[in-house]
Amino acid sequence: MNSVTVINHPLVQHKLTIMRDKHTSTAGFRRLLREISTLLCYEVTRDLEMTTTTIETPLTEMEAPTLAGKKLVFASVLRAGNGLLEGMLDLVPAARVAHVGLYRDPKTLQAVEYYFKAPDSLDERLTIVVDPMLATGNSAIAAVDKLIERGAKDIRFLCLLASPEGIAKFQSVHPTVPIFTASIDKNLNEKGYIMPGLGDAGDRMYGTK
Ligand SMILES: O=P(O)(O)OC[C@H]1O[C@H](OP(=O)(O)OP(=O)(O)O)[C@H](O)[C@@H]1O
Ligand SMILES: O=c1cc[nH]c(=O)[nH]1
Ligand SMILES: [Mg+2]
């Protein structure tokens, strides 16, 4: 079974509390999401494979550590994934980006695909799927299904909030994809929202309803 890592760094938890607060403005929410995503990125990339390269410092030559392999792929699940993507790219500017356009049908809670674009050689890259919310798990499963269909083999899923129900469902379909999250909340409500949660991440980021 895949692992679930809860990123409980004090700065992450502090920022998350402000994001959950319904009085936080759209601008504040967006800024915090960008800030928190750099901290989450730090954790999700902690064990990346390294190699060395020969460089010259002003004083001497040395074998210095550098990331191994092909550039990472950050796969943003639209729309809300873009809020995490920005901060991740601040930290890893050379990463390639995939966009997976999905919305959750409010009645059926099924994920409906409307867009997909990804870089080539997905099979040779680590793909980190980013979406703030793992609620029923349907969107995360659909995004990973699509990336696997296009060749991705080494995948991690990064979110801000996850529900226990969503984690269980995701693990049952994609048992080898590790999950990273800042919190596992209590449960889902009857409309499929994470409780206590933070509301609709996309709406809070963009000021829509
Ligand atoms: O686990 P699930 O039950 O599938 O719910 C999670 C999905 O819901 C939200 O997206 P939404 O459909 O609201 O689209 P948006 O990002 O465009 O607002 C969120 O960003 C996830 O993609
Ligand atoms: O709580 C939830 C559930 C799905 N999507 C969100 O943005 N929030
Ligand atoms: Mg939304």
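Residues numbered from 1 in each chain as written. Chains lettered and ligands numbered in written order. Predicted model: local features only at pLDDT ≥ 70, side-chain atom pairs only at ≥ 80, totals over all residues. Heavy atoms only, no water.

Caption draft 1: Examining the layout of surface pockets more closely. One number sums up the size of the largest pocket: a volume of about 640 Å³. Around the largest pocket, the lining comprises 27 residues; the ones closest to its centre are Tyr103, Arg104, Ser139, Tyr193 and Asp200. Listing elements by their share of the lining of the largest pocket, those giving two or more residues are strand E4 (73–78), strand E5 (96–104), strand E8 (133–134), helix H4 (138–149) and helix H6 (201–206). For the second largest pocket, the calculated volume is near 430 Å³. Here the lining of the second largest pocket is composed, by residue class, of 8 nonpolar, 2 polar and 8 charged. (1 Å grid on protein atoms, 1.4 Å probe; cavity = no way out; pocket = protein on both sides within 12 Å on 5 of 7 lines; lining within 4 Å. Points joined across faces, edges and corners; volume = space filled by probe spheres on them. Helix = DSSP H or I, 4+ residues; strand = E, 2+ residues; numbered from the N terminus. Nonpolar A, V, L, I, M, F, W, Y, C, P; charged D, E, K, R; others polar.)

Caption draft 2: Region of interest: the site of ligand 1. Among the 16 residues in the neighbourhood of ligand 1, the closest are listed as Arg104, Asp131, Ala135, Thr136 and Ser139. One of the backbone N or O atoms of Arg104 is found 2.7 Å from an oxygen atom in ligand 1. Measuring from an oxygen atom of ligand 1, one finds a side-chain N or O atom of Thr136 at 2.5 Å. If ligand 1 stood free it would expose 500 Å²; the protein chains cover 92% of that surface. Applying the majority rule of atoms within 2 Å of the grid points places ligand 1 in the largest pocket. Of all the elements in the fold, those that place two or more residues in the shell around ligand 1 are E4, E5, E8 and H4. Counted by class, the shell around ligand 1 contains 7 nonpolar, 5 polar and 4 charged residues. (Near = heavy atom within 4 Å. Polar contact = N/O pair within 3.5 Å; in protein donor to acceptor, adjacent residues only side chain to side chain. Areas by Shrake-Rupley, 256 points an atom, 1.4 Å probe, with all protein chains shown as cover. Sits in = over half its atoms within 2 Å of the grid points.)

Caption draft 3: View of the sheet that holds strand E12 (residues 183–184). If you walk across this open sheet you meet the 3 strands as E8-E10-E12, and the pairing is parallel. The sheet is open, and its two borders are formed by E8 and E12, each paired with just one other strand. Sheet analysis places E8 next to strand E10 (residues 161–162), joined by 2 bridges and oriented parallel. Bridge assignment links Met133 to a residue of E10, and that residue is Leu161. (Pairing = 2+ DSSP bridges.)

Caption draft 4: Quick look at the pairing of E5. With 6 bridges joining them, E4 and E5 adopt parallel strand pairing. Paired with Leu78 across the bridge in E5 is Gly101. Connecting the antiparallel pair E5 and strand E6 (residues 111–117) is a turn made up of 6 residues, with Leu109 showing a positive phi of about 65°.

Caption draft 5: Fine view of the coordination of the magnesium ion (ligand 3). Ligation of the magnesium ion (ligand 3) by protein atoms is provided by Asp200 (OD) and Asp200 (OD), these donors lying 2.5 to 2.7 Å from the ion. As for its position among the elements, Asp200 is in the loop between strand E14 (194–195) and H6. (Donors = N, O, S within 2.8 Å, 3.2 Å for Na, K, Ca; no water.)

Caption draft 6: Quick peek at the site of ligand 2. Surveying the vicinity of ligand 2 reveals the residues Arg104, Met133, Ala135, Gly192, Tyr193, Ile194, Gly199, Asp200 and Ala201. At 2.9 Å from an oxygen atom of ligand 2 is found a main-chain nitrogen or oxygen belonging to Ile194. Summarising the interface, the protein chains cover 89% of the accessible area of ligand 2, which totals 240 Å² for the free molecule. Spatially, ligand 2 is embedded in the largest pocket. Along the lines of polarity and charge, the residues of the shell around ligand 2 split into 5 nonpolar, 2 polar and 2 charged.

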